[in-house]
Amino acid sequence: MYVTASVQEQENNLSTIKSNRTMSNEIFVAFATQKGGIGKSTYTIFTASLLHYRMGYRVLVADCDYPQWSIARQRERDLDVMESSERLKQQMMTQYKQTGQKVWPVLETQPSSALADVSNYIRQEEVPDVVLVDFPGTIGTKGVLGLMACMDYLFVPVRADKTVLESSITFARTINEGIIARKSSPLKSVSMFWTMLDRRERTPLYEHYEQVIRHFGLSLMRSRLPMRSRFSRESDGNGGIFRSTLFAADRSFTVDSGMDDFLAELCAIAKLE
């Protein structure tokens, strides 16, 4: 009921939504769910770093995960680790020579002020190709639904858990029917995707869940991201690169984990060429 009521309240302020998206041609993308703990920040970091460092897009991350600002805090940890690692310093120099890309910027902000902060950044710094927005763990935070309505594309991680699945379907249906169907905002699509996939799980379980998703007319990506401990592993300066705000993850990991296929599908949906 809260979601529906909040969307209706936001629908009464459509002029605000439209006027807040008067920037350039950057594309706004976000991972979103009703609840936390399913990897939104992790996928935001992987996507930002792969788009920016490997594919050459200019990426800006708006960290709205108030009050912990988890991505901004990881950036601080990453810089501290690099400061004490000659290997990472050399790797950073090599990456810059090869790509010409500095580290992607991260803005600490809140949902209610995110668009204004991004707009100020663009006026003072540079225009990004992609703005990735990291939302708080709950949509009950002030301004979250209004900001979601201002995205161009939303991606909803879902795992094979009855409670999570029902919550995610309710969330995606509400966004589809309450915002996209009314054509009242920039939001073009909501795409669900499997995450934390247990490859030992019997296939019919996922087939059944996918039938439910299709029954409600929701979009489900082909890509499936398995359970991998390295999704949450930060660099210590000695091993490989996995989740990092300073580097693209090792290619061997992104291939094995499905991130390469996932990113290619995300780029196709978001029309990133």
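Described in the following lines is the structure provided in the data block. For every chain, the first residue of its written sequence is number 1, and the numbers climb from 1 along that sequence. Confidence filtering applies because this is a predicted model: local features only for residues at pLDDT of at least 70, side-chain atom pairs given and counted only at 80 or more, and all residues used for totals across whole chains, interfaces and linings. The side-chain numbers reported here are obtained from all heavy atoms of the structure, hydrogens and water having been left aside.

## Examining the packing of helix 4 (residues 70-83) against helix 5 (residues 86-99)
- The axes used here are C-alpha line fits, helices contributing only the stretch in contact, and every angle between their N-to-C directions lies in the interval 0 to 180 degrees. Runs of H or I in DSSP of at least four residues are treated as helices and runs of E of at least two as strands, each being numbered from the N terminus. Look at helix 4 against helix 5: their axes get within 6 Å of each other, and the N-to-C directions meet at 110°. Taken together, the axes of helix 4 and helix 5 are roughly perpendicular relative to one another. Contact residues: helix 4 offers Val81, Met82 and Glu83, while helix 5 offers Leu88, Lys89 and Met92.
- Ten residues, namely Ala, Val, Leu, Ile, Met, Phe, Trp, Tyr, Cys and Pro, are considered nonpolar, four, namely Asp, Glu, Lys and Arg, are considered charged, and the remaining ones, Gly among them, are considered polar. Its residues assigned to classes, the contact of helix 4 with helix 5 shows 4 nonpolar, no polar and 2 charged. Orientation labels follow simple angle bins: below 35 degrees gives roughly parallel, above 145 gives roughly antiparallel, 65 to 115 gives roughly perpendicular, and whatever is left gives oblique. Any two residues whose heavy atoms approach within 4.5 Å at even a single point are treated as in contact.

## Let's talk about unusual backbone geometry
- Cis geometry marks the peptide bond from Tyr66 to Pro67, where omega comes out at 5°.
- Mapped onto the elements of the fold, Pro67 is located in the loop between strand 2 (59-63) and helix 4.
- Positive phi outside glycine occurs at Trp69, with the angle close to 45°.
- Tracing the sequence through the fold places Trp69 in the loop between strand 2 and helix 4.

## Some words on the packing of aromatic side chains
- Between the rings of Phe, Tyr and Trp (Trp by its six-membered ring), a pair exists once the centres lie within 6.5 Å; its type follows the angle of the planes, with under 30 degrees stacked, over 60 edge-to-face, and the other angles tilted. A full pass over the atoms with the stated rule returns 11 aromatic pairs.
- The interplanar angle of 45° and the centroid separation of 6.1 Å between the aromatic rings of Phe31 and Phe155 together place this pair among those described as tilted. On the criterion of sequence distance, the pair formed by Phe31 in strand 1 (residues 27-31) and Phe155 in strand 5 (residues 153-158) is long-range, its members being 124 residues apart.
- Since its relative accessible area comes to 0%, Phe155 is described here as buried.
- Geometrically, the ring pair formed by Phe242 and Phe253 is edge-to-face, given 5.2 Å between the ring centres and 85° between the ring planes. Within this pair, whereas Phe242 is found in the loop between strand 7 (219-226) and helix 10 (251-256), its partner Phe253 is found in helix 10, the two being separated by 11 residues in sequence.
- By relative accessible area, Phe242 is classed as buried at 6%.
- The buried label applies to any residue whose accessible area, calculated with a 1.4 Å probe on protein chains only, is under 20% of its type's maximum; exposed applies above 50%, and partly exposed to all values in between. Of the residues examined, Phe253 reaches a relative accessible area of 5% and is grouped as buried.
- Grouping aromatic residues by their ring pairs yields a cluster made of Phe31, Tyr43, Phe155, Phe193 and Phe262.
- Sitting over the face of the ring of Trp104, Arg75 holds its NZ or CZ atom 4.6 Å from the ring centroid. To sit over a ring, a charge needs its Lys NZ or Arg CZ within 6 Å of the ring centre and within 35 degrees of the ring normal.

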